[in-house]
Every structure is written in C-alpha cells, then in structure tokens.
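Architecture at a glance
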Amino acid sequence: MMHRELAVVLTTIVLVCTHTAIYAANIPVSTTSTQDVTTEPDVSSESDVKIDCNNDEIVVSISTNTARFNGMIYPDGLTKTSPCFGEYIDASVPVKYKLPLRACNTMSIDRDDGSVEYYNTIVVQPHLKLVTNQGKGFVIRCWYQSRNNTVVINEGPKVDYLQSNDLANPTSSMPMPGCTMRIFSGDPSRHEVAEAVDIGDPLSLEITLDEQDIYGIRVADCYVTDGIGSGEQQLINEDGCPLDPEIMGMFEYSEDKTKATVQFQAHRFPSTFSVYYQCHVRLCLIADGGCEIAAPQCDYSNRKRRQADGDTDTSEGTKAIIEVYSGLYVNDANDLSKGSDDSVFSEKVIIV
C-alpha cells in the first residue's frame, strides 16, 4: 500500500468558500475549519492557512513567522521532477500555491447529497533541498455543489446551453440531466467507491445519467492519465472500441441506456500513484429509437467507411457531449516484489 502518512505532523484544513461564479458547475458550499497544531514550524496557527475553492483549482495561501519564505510546497507522494512541485526563493508572504482539481494527486468523492468533495495532502518544507522535521503536512478539502462537467455543442440543431452541470435548454422545459462517473472496487453490485487499491484489483467504471426518460448515453473517447503530464493512454476510441481489451474492454449499457459499465483491473503509470479517467458521453434521445445504436464492430480496416455510411452523429437530436472524469490511488501490489516464474535474474560470475 502507498504510505501517505507524513513524517511530520499532519494538520487538517477543512475549508470551503462561500462565493459562487456565474455559469460555473463547481459551486462551493458553506465553510468550516478545524486544525490541530502540536509543533511550531513556520506555519504556526489556524489563521496562517487560507483556502480559496475556485472552479478548476484550489488556491492555498500560507503565512509564516518570517516576512519571506524559502522552501518547497508539493503534494505528498510526488517527486521534485513533478510539475506540481513548487520551489520558493525569498518569496513574499503569504505564499500562494495552486492545486488543480484534476491533477497533482487531487482526488474527488461524490457525496450522497449530490455534492462533490475534492481533497489532497500538501507538504510545506521550509528548506529548498532537505526534508526536515520543520515541515508540515496539510489535508486540503473543498466541497462543491456539483461536479464540473464540460458540455460541448457540436454542429446540429441550434440550441444554446449554459456551461453547467445543471444545463437546461432555455427554449424548452426539458431539463438537461447530470452525468457522473464512479469507479467501484470488488463486486460492482456493492457499489463500494474505490479510493486506494492495488495493481490488479478488480474495478468497475460506471457512467450514469440522472433518472429521467428523455435522454440516453453513448460513451467514447476514454483516456487514462497520471495527472502530472507525463503519462496518457487512450483506452476507448471515438467509435466506442477498446484499443487494448486486456486493459479495458467495451462498455455494457443498461436497458434504458442511462448507464454504461465496464470492468477492468487496476493499473497505473510508473510516475505516480494517482490515476485519472475521463470519457466523452454523447447524449441521445430515447424517443423514436434514437438510442438504439448497434455495438461497434471495431474493425479498424473499415473505420472510415463506417463513419461515412452509418455515423449517427448526423441524426437529428441533441449534440451535447459531456466530459466526465474520476480518479483513484493505485498502489503496487504486495506480490510484485515476491518473484514468480516470470522473474528476471542477473548473475555475476567471478573466476579466480
């Protein structure tokens, strides 16, 4: 298992801003703050750390006992080569550090009340090269009313949508449903959200549309990334075909076409324990069989012909594409270091 425990005192900051932004899906809700400080490093009190929960990032403001700050700020578990690593030389106080919501080990949890919690652990070290006992760890949490899913409008009927998870067609009384991606561990019927798993653990990725009887979904263009810009792999192409069935197979759809599920085994990139998945979800109209779409044949030799002859993107109906995403921590499996029949050995022979 990945050890996220810090050698320094772990301090919890639970802050959520009360401001809102027009047409933004990530809308922070009310705020509380708790902290337990038992040592006296540069960051010494609850009032020395402030958090702003913005639409696509969390801005952490850190004050110190001195007027200038020399040191490092980084997400726990990431190395100095990561783009998330911040070095500060004679920086003015308060120091500003930005955490993206969809990278740098930031993860999210969908709550039962429809809100979303984003969380991360950052380390503040008052030294430019060394990790010392003067450093501190902070658990950063932000709550939002809904997840920020971006909706793209393709060429088609002229319908204006607001860029929000609560999209609605202002020319119609039909509300646009929300769409969510969740990753479950073990038996998918138990719906246990996967937060930290081992390589090879069984997982299921589920994309669901809010309950209604107007829209269905089609899933395509799925990617997995490491969240730090050094690893990305396409899993499902624009036709809905798996590019490597051993990594991830084809989605299966519920009868009402409002849920798509695929089972796979946990994997990650060598660069980090964080894994992020994102997919494009194309909405279809259930009426008149608009969602009765045959499974793709995944014959890449006929790919261009299929797109020209039978691409349903030219049919009438909504042209909204919702981008959904989720992530989790994937640790090295315990048995990877134990050796097996596939182990590679090196032997050096010395002749005397």
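Before any of the text, the structure's been laid out above.
Keep in mind it's a predicted model, so treat the numbers as computed, not measured. (Residues numbered from 1 in each chain as written. Predicted model: local features only at pLDDT ≥ 70, side-chain atom pairs only at ≥ 80, totals over all residues. Heavy atoms only, no water.)

With the rule as written, the count across this model stands at five cavities of 30 Å³ or more. Computed from the structure, the largest cavity encloses a volume of approximately 100 Å³. Lining the largest cavity are 14 residues, with Ser 108, Val 193, Ala 194, Ser 326 and Gly 327 sitting closest to its centre. Elements with a minimum of two residues in the lining of the largest cavity: β7 (107-110), β11 (179-185) and β20 (320-331). Its residues assigned to classes, the lining of the largest cavity comprises eight nonpolar, three polar and three charged. (1 Å grid on protein atoms, 1.4 Å probe; cavity = no way out; pocket = protein on both sides within 12 Å on 5 of 7 lines; lining within 4 Å. Points joined across faces, edges and corners; volume = space filled by probe spheres on them. Helix = DSSP H or I, 4+ residues; strand = E, 2+ residues; numbered from the N terminus. Nonpolar A, V, L, I, M, F, W, Y, C, P; charged D, E, K, R; others polar.)

Mapped onto the elements of the fold, Lys 80 is located in the loop between β4 (68-75) and β5 (86-92). Taking the C-alpha atoms as reference points, Lys 80 and Lys 129, separated by 49 residues in sequence, lie 9.7 Å from one another. Discounting chain neighbours no more than four positions away, the residues touching Lys 80 are Phe 85, Glu 87 and Leu 128. (Contact = heavy atoms within 4.5 Å.)

Attention now goes to the environment of Cys 53. Among the secondary structure elements, Cys 53 is positioned in strand β2 (residues 49-53). Exposure remark for Cys 53: the relative accessible area of 1% places this residue in the buried category. Note: C-alpha distance between Cys 53 and Leu 101 (48 residues apart in sequence) is 9.6 Å. (Buried < 20%, exposed > 50% of the residue type's maximum accessible area, 1.4 Å probe, protein only.)

This part covers unusual backbone geometry. Residue Pro 94 follows Val 93 across a cis peptide bond; omega there is 5°. Along the chain, Pro 94 falls in the loop between β5 and β6 (95-100). In the Ramachandran plot, Cys 104 falls in the positive-phi region, its phi being about 55° despite a non-glycine side chain. Along the chain, Cys 104 falls in the loop between β6 and β7. Backbone geometry at Asp 221 places phi at a positive 50°, although glycine is not the residue there.

Moving on: the nonpolar core. Counting 34 residues, the largest nonpolar core has Leu 205, Ile 207, Phe 251, Tyr 277 and Leu 328 as its most contacted members. Of all the secondary structure elements, the ones that give two or more residues to this core are β11, β14 (202-209), β15 (215-225), β16 (232-236), β18 (259-265), β19 (274-285) and β20. Once you skip the residues sitting within four places of it in the chain, Ile 207 turns out to touch Cys 179, Thr 180, Met 181, Ile 217, Val 219, Phe 251, Thr 258, Lys 259, Ala 260, Cys 279, Val 281 and Val 324. Among the nonpolar cores identified, the runner-up in size contains 28 residues, and Cys 104, Val 116, Tyr 118 and Tyr 325 belong to it. (Core = buried A, V, L, I, M, F, W, Y, C linked by side-chain atoms within 4.5 Å.)

Let's shift gears to the packing of aromatic side chains. One pass over the full model with this rule turns up four aromatic pairs. Here the aromatic rings of Tyr 118 and Tyr 144 are separated by 5.4 Å at their centres, their planes lie at 90°, and the arrangement is edge-to-face. Of this pair, Tyr 118 sits in strand β8 (residues 116-125) while Tyr 144 sits in strand β9 (residues 136-144), placing them 26 residues apart in sequence. Its relative accessible area of 0% is what places Tyr 118 among the buried residues. For Tyr 144, a relative accessible area of 0% corresponds to the buried category. Directly above the aromatic system of Phe 273 lies the positively charged group of Arg 268, at a separation of 4.5 Å from the ring centroid. (Phe/Tyr/Trp six-rings, centres within 6.5 Å; stacked < 30°, edge-to-face > 60°. Lys NZ or Arg CZ within 6 Å of the ring centre and 35° of its normal.)

Moving on: the state of the cysteines. Per the stated rule, a full pass over the model turns up five disulfides. Across the disulfide, Cys 241 is cross-linked to Cys 298 (sulfur-sulfur distance 2.2 Å). Where Cys 241 bonds to Cys 298 through sulfur, the torsion about that S-S bond is close to -100°, and the disulfide is left-handed. With Cys 241 in the loop between β16 and β17 (252-253) and Cys 298 in the loop between β19 and α1 (303-310), this pair connects stretches of sequence that are 57 residues apart. Accessibility expressed as a relative area gives 1% for Cys 241, which makes it buried. The disulfide that involves Cys 284 links it to Cys 291, with 2.0 Å between the sulfurs. Taking the sign of the S-S torsion, 115° for the link of Cys 284 and Cys 291, the bridge is right-handed. One exposure class covers both Cys 284 and Cys 291, and it is buried. Taken in N- to C-terminal order, the disulfide-linked cysteines of the chain are connected 1-4, 2-3, 5-7, 6-10, 8-9. For the unlinked cysteine Cys 179, the closest cysteine sulfur is that of Cys 279, found at 9.6 Å. On the accessibility criterion, Cys 179 (2% relative accessible area) is buried. (Disulfide = S-S within 2.5 Å.)

Everything listed is a geometric property; what it means functionally is a separate question.
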